[in-house]
Amino acid sequence: MKDFLARWMPIDTSEHGGALDSMNALVHWLMAVLFVGWGLYFIYVLLRFRAKKSPRASYSGSTSQVSTWIEGGVILVEVILLVGFAIPAWARWVTPPSPGDNPLVVRVIAQQFAWNIHYAGADGIFGHTDIHLINEASNPIGLDRGDASAADDIVTINQLHLPVNRPVTVLLSSKDVIHSFGLPVMRVKQDAIPGQEIPIHFTATMTTPTEARFPGCAADKECWEIACAQLCGLGHYRMRGFLTIHEPDEFENWLIAEAPEPVEAEPQPAGLDASTAEAEASDHADHADHADHADHAEHMRAAG
Amino acid sequence: MSVLEQEEHGSDERAGRHKEPFWKRYIFSQDHKVIGIQYGFTALCFLLFGFSLMLLMRWQLAFPGKPIPVIGGLLGADNAPGGIMLPEFYNQLGAMHGTIMVFLAIVPLAVGAFGNYVVPLQIGAPDMAFPKLNMASYWVYFLGGVTMFASFFVPGGAANSGWTSYPPLSEIATQGQTWWLVGMVFLITSSLLGSVNFIVTIFHLRAKGLTLMRLPFFVWSQLVTAFLLLLAFPPLEAAGVFQLMDRVFGTSFFMPSGLVVSGEVVEVAGGGSPLLWQHLFWFLAHPEVYVLILPALGIVAEVIANNTRKPLWGYKSMVYAAVFLGFMSFIVWAHHMFLTGMGTTISAFFQTTTMIISIPSVVILTALLMSLWGASIRFTTPMLFALAFLPMFGIGGLTGLPLGLSGSDIHLHDTYYVIGHFHYVVAPGTIFAMFAGIYYWFPKITGRKMNDFLGKLHFYPSFVFINMIFMPMFLQGLAGVSRRLWDGGEQYSHAQGGLHWNEFMSWGAWLLLVAQLPFIFNLFWSIKKGKKVDSNPWQATTLEWAAAPSPPIGHGNFAEVPVVYRPAYEYSVPDHPGDYLAQNDPTETPTETPIETPDKTSGKEG
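Residues numbered from 1 in each chain as written. Chains lettered and ligands numbered in written order. Predicted model: local features only at pLDDT ≥ 70, side-chain atom pairs only at ≥ 80, totals over all residues.

1. Notes on the overall build of chain B
Consideration 1: Tallying secondary structure elements over chain B gives 17 helices and six strands in all.
Consideration 2: Taken over C-alpha atoms, the radius of gyration comes to 24 Å for chain B, in line with the 25 Å a tight globule of 606 residues would show.
Consideration 3: Expressed as a percentage of its 606 residues, the buried residues of chain B come to 61%.
Consideration 4: Considering only intrachain contacts with a sequence separation of at least 6, the fraction spanning at least 24 residues in chain B is 79%. (Helix = DSSP H or I, 4+ residues; strand = E, 2+ residues; numbered from the N terminus. Rg over C-alpha atoms; globule rule 2.2 N^0.38 Å. Buried ≥ 20, exposed ≤ 12 C-beta atoms within 10 Å, placed from the backbone. Contact = placed C-beta atoms within 7 Å.)

This is the structure:
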């Protein structure tokens, strides 16, 4: 059944996903057995007890206890699913990785209609953010570049890059309305609720196939995506981000390439930061996917 | 006894009613039958309207961004410039399709129409307990419907934040949302007025001898439904008023601090919680699911008992299951919210209650299926719809399982799998049951039968086309395609494998419209030209068939007050020559008095 369902499902590239898919397959087994069983019975009785063939009905009907057994069986299977699979799977899903596993913590701030990804940078500390510093063109999350810990922070739009085989904690929040952060290939989905920061934990087990990476992946079936699953406004349908899983060293290289230029010591107003960030972007214009996604984001905002 | 007093009182009024002007007799009527027909007609109009909204959406999903042919130009430049549907308009259609189908079409049809028309007749009552309240209930519903319909024409169009209206999206939405909230307040008030009336009527106006365990299952389903409406709707009414105050008076029940919309900091008092709305909403909306399904089960039970010519198998267990279902439906709501950041304990609680509530549904469905064993099945038009209901509701129920377990829900949550799931419950499920009810009780309303050939021409194509729409949704859902996407997921690579289904599904929807034409024609044609029938054309046992073929308008339904001698479904009673014994038939039979049939129910209450 798992293989059967997998014909329609996206590949699973997460550590926890296999258990969820197995459970899903078990549930579908239960559904299939009940449906086919009752279906065959249904067709049989419709033929056998049609008025022509069965002119007078039996007042007492079936005296069989089989349905009680079936109901008992359904209860039993549901208990097994619940206790043996569903509750443990959920407990695992919400358990944070142990600090010893060196989890990577990334903030994802959803907004109409883009995913802002915030990396803490080399110091491992997220810089201070302030909603009054938000500038949709240059500083979508309101990062205070004056804050020392913000100096090395990386902010991307719609580009989530993660290392393989290393636990990841995404701190999910939203600037405006409720969104839902879905990674179909990672069996991850979590509502992003304004006013809350919700942690989600997962570990990727595969790197994104090179040939499938953005930008070429737009039309490619192997593209890994962030899909918004909750209606968030008129641009909900195009609130699409991209997920890239790297080998660890490759990921470090990506972080270095994305890291902002060292900023002069004195704090700068947000506006100037903007130009720095834009310079950043153009510096990496050779990094084709980045430029493309920036355009993409601009386009989205303009349209939104 | 109060029934008799009512009856006398009713006869007086009935006598006086002959002089009443047309508007009092047919428009502001206090007769449950007229009100039932008013509800039915209005709800069917909304059913067609809600369906047509979806037909437009299905064009956009099948051919994203292509101009809608023929009627595209009529939709207005704000909605569909050049006939191309804008995402804003798509979202309006989506939100209003859901709202209209649930609150303006199916609930009023299931409860307002069938409940009003059939319940007093089935319990041998002269009318509903509170006729004026009943009239008020319909007219408040009507106002709600007008408000919802009118909201399409306000600046920015109708509500566009989904039928669930989650804040903050709904709070920053255009003016249509305010209209939606006002409309909802009307609709909820109407349901509350109706539910009180049903509860009092069923408890106090039963005919002599009609004990609770002799009630037709349909009446039980209406009774449980009435309790659900009465207890579940007030929290949503409160929530609706809160949201209205947030939008109009600047409170922030549901608005947290620190929102930034389109680069602007939102000036609100803040401190509110968007999740509060979800809790209040689903506290109603899950019981609401059973409000949609219980009356349908009731109708199907009536039609199946009648067309199998035998008593319902396990009647008692069905009744207990329905009551238990009613209780449980109040403690499962948060399974709609597994992905809002829920810990293990809470999720375990709601998963467990969700699994528990699946059991009474299985019991009822099993009882209906077992009722077919040993039957003498007549494949009448109502029976075809009732039979089709069983596997369709089965699919709807079964596909709820992976969604009710939070682990498998992660991947399927908010995908097309969910849409497929609840549409199987409500469309080929409840709506088919509604059709069964219309064909079944039409002769009681009009004294004429609907045409059988047209009925079959309605049934078979509808059955095929409705599955064409909803079955592929499960495949798209497994692929992970999100709901409510204007382009049906065209941009997403994970959606590519299932995109080709969109056109197929849309054809299913449009053909489903064509398949309704025989029904619409049949409905009107049969009023005048249908075959005339006597008062009990289906040889049924329940009390409504003891009334005149088309009971006259006005209080007092029965020529003489019926007395009940036996359970609801005494078909094919042994040692009795006919194949049915009506509840009010005083004939003595060996099986008459303690017909509890314990062998059918033993061991099933657990």
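2. Focus on the environment of Pro360(B)
Consideration 1: Locating Pro360(B) in the fold gives a position in helix H10 (residues 344–370).
Consideration 2: When near neighbours in sequence (up to four residues on either side) are disregarded, Pro360(B) contacts Ala321(B), Phe324(B) and Leu325(B).

3. Details of the packing of helix H15 (residues 452–479) of chain B against helix H17 (residues 501–529) of chain B
In a packed pair of helices, the relevant descriptors are the angle between the two axes and the axis-to-axis distance.
Residues and elements named next belong to chain B.
Consideration 1: It is the contact of H15 with H17, at a shortest axis distance of 8 Å, that shows an interaxial angle of 160°. Comparing the axis directions of H15 and H17 gives the class roughly antiparallel. Crossing angle aside, the handedness with which H15 passes H17 is left-handed.
Consideration 2: Here the contact of H15 with H17 is built from residues that sort into 20 nonpolar, six polar and no charged. (Axes fitted to C-alpha atoms, helices over the stretch in contact; angles between N-to-C directions. Parallel < 35°, antiparallel > 145°, perpendicular 65-115°, else oblique. Left-handed = near helix turned anticlockwise from the far one by under 90°. Nonpolar A, V, L, I, M, F, W, Y, C, P; charged D, E, K, R; others polar.)

4. Describing the interface of chain B and chain A
Consideration 1: On the chain A side, the residues contacting the 89 residues of chain B number 88 residues.
Consideration 2: Top contributing element to the side of chain B that touches chain A by residue count: H10(B), with 13 residues.
Consideration 3: The residue inventory of the side of chain B that touches chain A, partitioned by class, reads 42 nonpolar, 37 polar and 10 charged.

5. A few points about the sheet that holds strand E5 (residues 167–174) of chain A
All names here are of chain A.
Consideration 1: Spatial strand order, E3-E2-E1-E5-E8: five strands in an open sheet with mixed pairing. The two strands at the open ends of the sheet, each matched to only one other strand, are strand E3 (154–157) and strand E8 (198–203). Across the sheet, the axes of successive neighbouring strands diverge by a mean angle of 25°, strand direction being ignored.
Consideration 2: Pairing of strand E2 (residues 114–119) with E3, which is carried by four bridges, proceeds in the antiparallel orientation. Pairing of Ile117 across the sheet is with Thr156, part of E3. (Pairing = 2+ DSSP bridges.)

6. Quick notes on the confidence of the model for chain B
Fine structural detail should not be taken from predicted coordinates in areas where pLDDT scores are low.
All names here are of chain B.
Consideration 1: For chain B, the average pLDDT comes to 92, and 94% of its residues sit at 70 or higher.
Consideration 2: Taken together, the stretch residues 1–17 has pLDDT below 50 and engages in 25 contacts with residues farther than four places along the chain or on a different chain.
Consideration 3: For the stretch residues 592–606, pLDDT sits under 50, and the model shows 17 contacts to residues farther than four places along the chain or on other chains.
Consideration 4: This prediction of the complex comes with two scores: 0.91 for pTM and 0.90 for ipTM. (pLDDT = per-residue confidence, 0-100.)

7. Description of the nonpolar core
Consideration 1: Core analysis: the biggest nonpolar cluster contains 266 residues, and Val300(B), Phe385(B), Ala386(B), Phe389(B), Ala433(B) and Ala436(B) have the highest contact counts within it.
Consideration 2: Broken down by element, the residue count for this core peaks at 22 residues, all from helix H4 (residues 87–122) of chain B.
Consideration 3: Inspection of this core shows a minimum of three residues originating in each of domain 1 (2–94) and domain 2 (102–303) of chain A.
Consideration 4: Among residues more than four places away in sequence, those in contact with Phe389(B) are Ala296(B), Val300(B), Gly429(B), Phe432(B), Ala433(B) and Ala436(B). (Core = buried A, V, L, I, M, F, W, Y, C linked by C-beta atoms within 7 Å. Domains from an automatic or database assignment.)

8. Topic: the sheet that holds strand E9 (residues 225–228) of chain A
Sheet strands pair by backbone hydrogen bonding; their relative direction is either parallel or antiparallel.
Residue and element names in this part refer to chain A.
Consideration 1: With mixed pairing, the five strands of this open sheet are ordered in space as E4-E10-E9-E6-E7. If you trace the sheet from one side to the other, it starts and ends with strand E4 (159–163) and strand E7 (188–192), each paired once. Taken pair by pair, the neighbouring strands of this sheet meet at an average axis angle of 25°, ignoring direction.
Consideration 2: The pairing of E4 with strand E10 (residues 240–246) spans five bridges and is parallel. Bridge assignment links Leu162 to a residue of E10, and that residue is Ile245.
Consideration 3: Across the face of the sheet, helix H4 (residues 248–258) comes into contact with E4 and E10 while running at roughly 140° to E4.

9. Considering the domain arrangement of chain A
Residues and elements named next belong to chain A.
Consideration 1: The assigned domain composition of chain A is domain 1 (2–94) and domain 2 (102–303).
Consideration 2: Taken residue by residue, the interface counts nine residues in domain 1 and 11 residues in domain 2.
Consideration 3: Here the side of domain 1 that touches domain 2 is built from residues that sort into three nonpolar, four polar and two charged.

10. Points about the environment of Val188(A)
Residue and element names in this part refer to chain A.
Consideration 1: Looking at the secondary structure, you find Val188 in strand E7.
Consideration 2: Assessed through the 26 C-beta atoms surrounding it within 10 Å, Val188 is described here as buried.
Consideration 3: Each C-alpha atom, one on Val188 and one on Gln112, is 20 Å from the other, the two residues being 76 residues apart in sequence.
Consideration 4: Once you skip the residues sitting within four places of it in the chain, Val188 turns out to touch Ser14, Gly182, Leu183, Ile200 and Phe202.

11. Describing the packing of helix H3 (residues 66–94) of chain A against H10(B)
Consideration 1: Running from N to C, H3(A) and H10(B) cross one another at 160°; their axes reach a closest spacing of 10 Å. With respect to H10(B), the axis of H3(A) lies roughly antiparallel. Between H3(A) and H10(B) lies a crossing of right-handed hand. Residue-level inspection shows Ser67(A), Ile70(A), Glu71(A), Val74(A), Ile75(A), Glu78(A), Leu82(A), Ala86(A), Ile87(A), Trp90(A), Ala91(A) and Val94(A) of H3(A) in contact with H10(B), the latter providing Thr344(B), Ser347(B), Ala348(B), Gln351(B), Thr352(B), Met355(B), Ser358(B), Ile359(B), Val362(B), Val363(B), Thr366(B) and Met370(B).

12. Examining the pairing of strand E6 (residues 179–183) of chain A
All names here are of chain A.
Consideration 1: Of all the five residues making up E6, five are buried; the element is thus mostly covered by neighbouring parts of the structure.
Consideration 2: A two-sided burial pattern is seen for E6, the buried positions comprising His179, Phe181 and Leu183 on one face and Ser180 and Gly182 on the other.
Consideration 3: In the sheet, E6 pairs with E7 via five bridges, with the strands oriented antiparallel. Bridging across to E7, Leu183 finds its partner in Val188.
Consideration 4: The hairpin turn running from E6 into E7, its antiparallel successor, is four residues long, and Arg187 in that turn takes a positive phi close to 50°.

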